[in-house]
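# Fold and contact review
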Amino acid sequence: MKARRRSLASVLSLTRASSGTNSISLTISSVEEATPGSVLGSVRLPGDQDPHRDPHHPDQDHPHRQLTYTVVGGSDPDGTFAVDRRTGDVYLARPLDYERDARYTLQIQVDDASPQSPALPGGGRTLVRLDIDVADSNDHAPEFPEDPVTVVVSESAAVGSSLFTFQAWDGDGGGANSELRYAVLRQWPDAPGLLTLDPATGVLSLGRPLDREATPSLVLVVQATDSPADESRRRRGSVTARVFVTDENDNVPAFASPAAVSVMEDQPVGFVALYVVARDADQGENGRVTYSIAAGNAGAPASRTSPQGSRGHEPPTPPDPTEGSRPSHSPILPFSYDLSLAQPLAHHNTCGTRATVSSDR
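Residues numbered from 1 in each chain as written. Predicted model: local features only at pLDDT ≥ 70, side-chain atom pairs only at ≥ 80, totals over all residues. Heavy atoms only, no water.

## Focus: the pattern of salt bridges
Put simply, the test is: In what follows, salt bridge is the name for a side-chain nitrogen of Lys or Arg lying within 4 Å of a carboxyl oxygen of Asp or Glu. A run of DSSP states H or I qualifies as a helix once it reaches four residues; a run of E qualifies as a strand once it reaches two. Both are numbered from the N-terminal end. Burial classes follow relative accessibility: with a 1.4 Å probe on protein chains only, a residue under 20% of its type's maximum area counts as buried, one over 50% as exposed, and anything between as partly exposed.
This structure, assessed with the given rule, holds 9 salt bridges. Asp89 is paired through a salt bridge with Arg44; the nearest N and O atoms lie 3.6 Å apart. Of the two residues, Asp89 is situated in strand S6 (residues 89-92) and Arg44 in the loop between strand S3 (39-42) and strand S4 (67-74); the sequence distance between them amounts to 45 residues. Accessibility expressed as a relative area gives 2% for Asp89, which makes it buried. With relative accessibility at 26%, the residue Arg44 sits in the partly exposed group. Arg100 serves as the salt-bridge partner of Asp101, at 3.5 Å between the closest nitrogen and oxygen. According to the relative accessible area criterion, Asp101 is partly exposed, its value standing at 30%. One salt-bridge network, held together by shared partners, links Arg103, Arg129, Asp131 and Asp133.

Set out below in structure tokens:
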């Protein structure tokens, strides 16, 4: 004979009403992951002859009693459970889902099929109310509503400020199966302490000051893990977050051209004596510079010929002394300033001119 499959189940309570009501209440529980075909329990009444027992050792109290069990009502319209008509064993017919139904009720009618057997308490029929409680199993992994996510933060953000809150959803029922913990699984580039993540709330915060010129963007992989006591049964979900740092005008322009130049006295008026070049490490309009002559010798024979605020052109000389020393991701834009002769030079005449440069705001 093929062995009957059984699942983890327990009888939680048994309440017998007075003999005049012909009713009994039972409660059993089953784990959500029980497989269809499993025996969850039994509603066999005391004194009923078990057809699976050895016929040479029948029940001594009621050796000829033969009862039948029939489901006549309850809250199981889909036929999730079945009751063996002869034994009263309760079988699982369909997969359980705690999130859909956590409790079922079956009304089972018990009839005595043997007219010669002693009558059941209160007559030949008994109604059994069977409550089936479904225990949640950790069968859902955490999920994030959006993947990837984009986070934009100004490089002037204060240390400790909240940048974003990660919120995953777990389809399991309440309790540890749906309690989530958050952690940064990976981060590019590696910048220890720059960002912090609260493991309980999922709040991403700024751990130390930002510098867009050093770190214009970051990529994080954040993982959510549920919390059943058995670590081997924990489930995980992850999301990719892209953090973009916006620019603030926090860099001053710096001159890259020489501070002194020698010019032959016979150079014509309009001769370009020097390309004045300044660079600003900021981005966009924050890195755009304008030029002006701030001071110089009285009657100095020099003037600015490029329109103020124009981008001008990259001068062929001199070479940028800082070339190759800046990170490749810093957008350095050069702006030239043509310093030309406004009048003829006399022998031994010197011209001292101080140019200033400012960043547009």
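The discussion continues.
## Here's the deal with the packing of aromatic side chains
Put simply, the rule reads: Any two of the Phe, Tyr and Trp rings considered here, Trp counted by its six-membered ring, make a pair once their centres fall within 6.5 Å; the pair's planes then place it as stacked at under 30 degrees, edge-to-face at over 60, or tilted in between.
Counted by the stated rule, this structure contains 3 aromatic pairs. On the numbers, 4.9 Å between centres and 70° between planes, the contact of Phe164 with Phe166 is edge-to-face. For Phe166, a relative accessible area of 1% gives the class buried.

## Observations regarding unusual backbone geometry
Residue Pro148 is reached from Asp147 by a cis peptide bond, and omega for that bond is 5°. Within the secondary structure, Pro148 sits in the loop between strand S8 (125-135) and strand S9 (149-154). Cis geometry is adopted by the peptide bond preceding Pro189, which originates at Trp188 and carries an omega value of -15°. Structurally, the position occupied by Pro189 is in the loop between strand S11 (181-188) and strand S12 (195-197).

## Let's talk about the sheet that holds S12
Selection criterion: Any two strands with at least two DSSP bridges between them are considered paired. All axes are obtained by fitting lines to C-alpha atoms, using only the stretch in contact for helices, and the reported angles, taken between N-to-C directions, cover 0 to 180 degrees.
Pairing is antiparallel in the open sheet, where 3 strands are placed in the order S10-S13-S12. Each edge of the sheet is formed by a strand with only one pairing partner; in this case those strands are strand S10 (162-165) and S12. In this sheet, neighbouring strand axes are inclined to one another by 20° on average, regardless of whether the strands run parallel or antiparallel. One ladder, built from 3 bridges, connects S10 with strand S13 (residues 203-206); its direction is antiparallel. Bridge pairing links Thr165 to Val203 in S13.

## Concerning the confidence of the model for the protein
Rules: Known as pLDDT, the predictor's confidence for each residue is given on a scale from 0 to 100. Between two residues, a contact is recorded if the distance between any of their heavy atoms is within 4.5 Å.
Here the protein averages 75 in pLDDT, while 65% of its residues score no lower than 70. In this model, residues 1-21 is a region of pLDDT below 50 whose contacts with residues beyond four sequence positions or in other chains number 44 contacts. This model gives residues 307-335 a pLDDT under 50, and the stretch forms 53 contacts once residues within four places in sequence are excluded.

## Observations regarding the environment of Gly41
Summarising the element assignment, Gly41 is placed in strand S3. What makes Gly41 buried here is its relative accessible area of 15%. A C-alpha to C-alpha distance of 5.4 Å links Gly41 and Val90, two positions 49 residues apart in sequence. When neighbours within four sequence positions are excluded, Gly41 is seen to be in contact with Ile28, Gly88, Asp89 and Val90.

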